[in-house]
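Inside the fold
Listed below are the residues making up each chain.
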Amino acid sequence: MLTAAETRAWIVRIAIWDGALPAIIWLAPVLVRGLIPNLRGPVEIVAVVLPIVAFFMRFHVGRRHIAANHCRIESRRFQYVALCIGALVLVLIDAVLILTNIMPKGAAFATVGDVIVWAILYLTYLCAMSIAMYPGSHRV
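Before going into details, it helps to say that this report is about the structure given with it.

Side note on the overall build of the chain
When its secondary structure is counted, the chain shows four helices and zero strands. Helices and strands appear in the chain in the N-to-C order α-α-α-α. If you line up the chain on its principal axes, its C-alpha atoms span 60 × 30 × 25 Å. Long-range pairs, those at least 24 residues apart, make up 78% of the contacts in the chain between residues at least 6 apart in sequence.

Focus: a nonpolar patch on the surface
Among the surface-exposed residues, I45, V48, V49, I52, V53, F56 and M57 lie close enough to one another that they form a single nonpolar patch of about 640 Å² accessible area. Along the polypeptide, F56 turns up in helix 2 (residues 40-68). Since its relative accessible area comes to 53%, F56 is described here as exposed.

Here we look at the packing of aromatic side chains
This model, assessed by the stated rule, comprises six aromatic pairs. Considering the side-chain rings of F55 and F56, the 5.2 Å spacing of their centres and the 80 degrees angle between planes classify their relative orientation as edge-to-face. For F55, a relative accessible area of 23% corresponds to the partly exposed category. With 5.9 Å between their ring centres and 40 degrees between their planes, Y122 and Y125 make a pair best called tilted. Taken together, the positions of Y122 and Y125, both in helix 4 (residues 112-132) and three residues apart, correspond to about one turn of that helix. By relative accessible area, Y122 is classed as partly exposed at 22%.

Focus on the pattern of salt bridges
Counted by the stated rule, this structure contains three salt bridges. One salt bridge connects R58 with D18, and the closest N-O pair in it is separated by 2.8 Å. Here R58, found in helix 2, pairs with D18, found in helix 1 (residues 4-35); they are 40 residues apart in sequence, far enough to count as distant. According to the relative accessible area criterion, R58 is buried, its value standing at 0%. The exposure class assigned to D18 is buried, which follows from its relative accessible area of 0%. The closest approach of N and O atoms between E74 and R72, which form a salt bridge, is 3.3 Å. Residue classification places E74 among the partly exposed residues on the basis of a relative accessible area of 46%. Assessed through its relative accessible area of 60%, R72 is described here as exposed.

Some remarks on the nonpolar core
Core analysis: the biggest nonpolar cluster contains 19 residues, and L83, M129, A132 and M133 have the highest contact counts within it. For this core, the secondary structure elements donating two or more residues are helix 1, helix 2, helix 3 (73-99) and helix 4. With seven residues, the top contributor of residues to this core is helix 3. Ignoring sequence-local partners within four residues, the contact set of A132 consists of H65, I66, Q79, A82 and L83. L21, A28, A54 and I102 belong to the second-largest nonpolar core, a separate cluster that totals ten residues.

Cut-offs used in this document
- Residues numbered from 1 in each chain as written.
- Predicted model: local features only at pLDDT ≥ 70, side-chain atom pairs only at ≥ 80, totals over all residues.
- Heavy atoms only, no water.
- Helix = DSSP H or I, 4+ residues; strand = E, 2+ residues; numbered from the N terminus.
- Contact = heavy atoms within 4.5 Å.
- Patch = residues over 30% accessible without salt bridge, like charges linked within 9 Å, V, L, I, M, F, W, Y side chains within 5 Å.
- Areas by Shrake-Rupley, 256 points an atom, 1.4 Å probe, with all protein chains shown as cover.
- Salt bridge = Lys/Arg side-chain N within 4 Å of Asp/Glu carboxyl O.
- Buried < 20%, exposed > 50% of the residue type's maximum accessible area, 1.4 Å probe, protein only.
- Phe/Tyr/Trp six-rings, centres within 6.5 Å; stacked < 30°, edge-to-face > 60°.
- Core = buried A, V, L, I, M, F, W, Y, C linked by side-chain atoms within 4.5 Å.

Structure follows, in structure tokens:
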């Protein structure tokens, strides 16, 4: 069982890495369009490069965290699988959401079904990363 401090640290880690990082990536095209208006090329480059960079950043940090946590080796293996799944889902979501900035308006979120699919994908990502970032308890 986690202490209150461990639980708080776990939640903050998830909020920063799995809430703030994707939000920054999703807002990057808006910044690029503001700095370089009327050109699709820079947004397309950001759509390719930024998700890949975020993938490797998130994967590296997640792998380091799993290696240093207080879970049994079997749990760490499961966490590593969750990290792989979550990172893959993140890169797919990032690329498509960035490209929505150059798609016709409403292309990705045209129907309620589209919104539900995106919500399920993001919740899958959050769930996988919550499992991957579980710190384990210091107490034996």
